[in-house]
Amino acid sequence: MPGNEPVLTAAQMRAVEQVLIAQGVSVDELMRRAGEGAAEWVWRMAAGGPVTVLCGPGNNGGDGYVIAQTLCARGLSVRVIAPMEPTTDAARNARARWTGDVMTDADGAGGRVLVDCLFGSGLSRPLLPEHASLVAELAARHQRIVAVDLPSGVATDDGALLGDVARCDLTLALGAWKPAHFLMPALSVVGTAKLVTIGALPDEFGALFVKSAPRLSVPERGAHKYSRGFMGIVGGEMAGAAQLASKAAVYSGAGYVKLFADEAPPNAPSALVIESGDLAQALGDKRLSALLIGPGLGRSDAARDKLAITLEANVATVIDADALHLLDDDLLEGIDATRLLITPHEGELNSLCETFGIAEETKRGKAEYLAARTGMTVLAKGPDTLLATPDAPTMFFPPAATWLASAGTGDVLSGIVASRLSTGKNSLDAASEAIWLHAEAARVAGPALIADDLAAAVPKAYARLL
Ligand SMILES: NC(=O)C1=CN([C@@H]2O[C@H](COP(=O)(O)OP(=O)(O)OC[C@H]3O[C@@H](n4cnc5c(N)ncnc54)[C@H](OP(=O)(O)O)[C@@H]3O)[C@@H](O)[C@H]2O)[C@@H](O)CC1
Ligand SMILES: [K+]
């Protein structure tokens, strides 16, 4: 199973390049490796059809000339369009090795694959309208678009779109992943992403990383329901959300799941134990190893009281949904926040940032500052899920199925996280295992899934991650 892979910012990638150069590898050699590696993917996608390579002025454009020459040497019909002359030595050298013509506009161009090498990690300002319209015109005349390193117009470090960026079918990350390969809105134009290696990276630059699939385990021989994990869900006003979380929780590793609510939700799994009565007394059970509060909780004073009681229970706790709107400094006072794990979606993350006075612009900034400010682990869910803690590098995850954008899938996720937490995992491991289980369950459940299918798919997802 491949390990975690580093995610490098544009500055870190440049620093890596300098280290490799100091080790005796020339930029031209790095460009050759990158271009030839990328050409392999373009070759497969072209399936013998004509290819157009759009080259910009920097080394991204340089990669384009290498790709063009590699494919031409293999017999493909290749056209190169370069609206700007090369400005780096390596790009000039690559262009000098290109044996075909270079056009400056889109006239007559068309074919199977457009290779976008206009700008990569050196994009320093918004796309000029003439560049955006050139890409759009060429995109319309080709069946497929392959972006080299990044779709032109995507900002490397935060995934912002600096202009009208063409939607690509395939993006080839060169040398290392960049944050934009995992962040919205860039994710909406990246398409499928693949990594093209250009040599071993020096270790010290892997500050951020993409989390590889976990290896889950089976219960130990001699395990019993309490030793596997005893988890409690604090119910509230809407039974449906707690039911989804409960169903996911019973399937995700905990040996015993109890719902603290006045009555059982309709269609609750029979394995779910319902306990009504005094919450503080119920949460005093020393065998509880994790709690979940938020799905269906409501935002009333009574809900706030339940949250306060839950936080005082001194158990590892997942806080989601309504509870995230109630959370504030008063509630956290005197609480060891390092045992708290929050699972906000975009709106909840924004509301938390407002509550805790965090004025960051980007999702990554918001999650990291919130973790640093409060001490909690932040699982910022969404199409670009990421995981931040005060004391470890931020983790990205491979994008999951877009079918997950439906009601209740977040409740399923929080049920899985709390279940993993109850098995004794620390917050980071519990959260990253849950993110993978959730994504795998979506693959198992398939197209047009609803949250109920997702919870039911967890056992098969679990089996795939054993
Ligand atoms: N690092 C590595 O190890 C390896 C990196 N490799 C490749 O190098 C790429 C990075 O190369 P790069 O730094 O030359 O930047 P790149 O993206 O080609 O663009 C810079 C040029 O564009 C210009 N420009 C910028 N924005 C603009 C705008 N909006 N409108 C107009 N112009 C604009 C900018 O001008 P300036 O900002 O200087 O005025 C400059 O001329 C990387 O993505 C990968 O493909 C591989 O070859 C091998 C190993
Ligand atoms: K590009």
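Residues numbered from 1 in each chain as written. Chains lettered and ligands numbered in written order. Predicted model: local features only at pLDDT ≥ 70, side-chain atom pairs only at ≥ 80, totals over all residues. Heavy atoms only, no water.

- Under an unreviewed UniProt entry, the protein has the name Bifunctional NAD(P)H-hydrate repair enzyme and belongs to Tsuneonella flava.
- In its Subunit (unreviewed entry) section, the UniProt record describing the protein reads: "Homotetramer." (UniProt positions renumbered as here; feature names shortened; annotations may be inferred.)

### Brief notes about the site of ligand 1
Working step 1: With respect to spatial proximity, 22 residues lie near ligand 1, and among them Asn 60, Asp 63, Gly 120, Ser 124 and Asp 149 are the closest.
Working step 2: Within the contact set of ligand 1, an oxygen atom lies 2.9 Å away from a backbone nitrogen or oxygen of Ser 121.
Working step 3: Relative to its free-state accessible area of 940 Å², ligand 1 is covered by the protein chains to the extent of 82%.
Working step 4: Secondary structure elements with two or more residues in the shell around ligand 1: helix H1 (10-22), helix H2 (27-46) and helix H3 (59-73).
Working step 5: In terms of residue class, the shell around ligand 1 is built from 10 nonpolar, 8 polar and 4 charged. (Near = heavy atom within 4 Å. Polar contact = N/O pair within 3.5 Å; in protein donor to acceptor, adjacent residues only side chain to side chain. Areas by Shrake-Rupley, 256 points an atom, 1.4 Å probe, with all protein chains shown as cover. Helix = DSSP H or I, 4+ residues; strand = E, 2+ residues; numbered from the N terminus. Nonpolar A, V, L, I, M, F, W, Y, C, P; charged D, E, K, R; others polar.)

### Quick notes on the coordination of the potassium ion (ligand 2)
Working step 1: Here the potassium ion (ligand 2) is held by the protein donor atoms Asn 60 (OD1), Asp 116 (O), Phe 119 (O), Val 148 (O) and Leu 150 (O), which lie 2.6 to 2.9 Å from it.
Working step 2: Expressed as a motif, the donor residue spacing for the potassium ion (ligand 2) is N-x55-D-x2-F-x28-V-x1-L. Of the two residues, Asn 60 sits in helix H3 while Asp 116 sits in strand S5 (residues 111-117), which places them 56 residues apart along the sequence. The residues Asn 60 and Asp 116 share a single accessibility class, namely buried. (Donors = N, O, S within 2.8 Å, 3.2 Å for Na, K, Ca; no water. Buried < 20%, exposed > 50% of the residue type's maximum accessible area, 1.4 Å probe, protein only.)

### What about the sheet that holds strand S6 (residues 142-148)?
Working step 1: Pairing is parallel in the open sheet, where 7 strands are placed in the order S4-S3-S2-S5-S6-S7-S8. Because the sheet does not close on itself, it has two edges, and the strands there are strand S4 (102-103) and strand S8 (192-196).
Working step 2: Note that S5 and S6 share 5 bridges and pair parallel. Bridging from a neighbouring strand, Gly 111 pairs with His 142 of S6. (Pairing = 2+ DSSP bridges.)

### Details of the UniProt feature "binding site: AMP" (unreviewed entry) in the protein
Working step 1: As recorded in UniProt, the feature "binding site: AMP" (unreviewed entry) lies at Lys 381, Gly 382, Pro 383, Asp 384, Thr 385 and Gly 410. Across 30 residues, the annotated set stays spatially compact, with a maximum C-alpha separation of 13.6 Å.
Working step 2: Here Lys 381 lies in the loop between strand S16 (377-380) and strand S17 (386-389).
Working step 3: The class of Lys 381 is buried, set by a relative accessible area of 10%.
Working step 4: With residues up to four places along the chain from it excluded, the contact list for Lys 381 reads Asp 320, Thr 343, Pro 344, His 345, Glu 346, Glu 348, Lys 363, Gly 410 and Leu 413. (Contact = heavy atoms within 4.5 Å.)

### As for the packing of aromatic side chains
Working step 1: Evaluated as defined, the whole model comprises 5 aromatic pairs.
Working step 2: Relative to Phe 182, the ring of Trp 177 lies with its centre 5.5 Å away and its plane at 70°, an arrangement referred to as edge-to-face. Each of the two residues, Trp 177 as well as Phe 182, counts as buried.
Working step 3: Measuring from centroid to centroid gives 4.6 Å for Phe 230 and Tyr 256, while their planes differ by 15°, and the two rings are stacked. Separated by 26 residues along the polypeptide, Phe 230 in strand S10 (residues 230-234) and Tyr 256 in strand S11 (residues 256-260) bring together distant segments of the chain. An identical accessibility class is assigned to Phe 230 and Tyr 256; each is buried.
Working step 4: Linked through ring pairs, Trp 177, Phe 182 and Phe 396 together constitute an aromatic cluster. (Phe/Tyr/Trp six-rings, centres within 6.5 Å; stacked < 30°, edge-to-face > 60°.)

### Things to note about the nonpolar core
Working step 1: Ranked by internal contacts, the top residues of the largest apolar core, which has 48 residues, are Ile 319, Leu 327 and Ile 342.
Working step 2: In this structure Ile 342 touches Ile 319, Leu 324, Leu 327, Leu 352, Leu 370, Met 376, Thr 377, Val 378 and Leu 379, once residues within four positions along its chain are discounted.
Working step 3: Core analysis: the next-biggest nonpolar cluster, separate from the first, contains 47 residues, Leu 272, Val 417, Ala 431 and Ala 457 among them. (Core = buried A, V, L, I, M, F, W, Y, C linked by side-chain atoms within 4.5 Å.)

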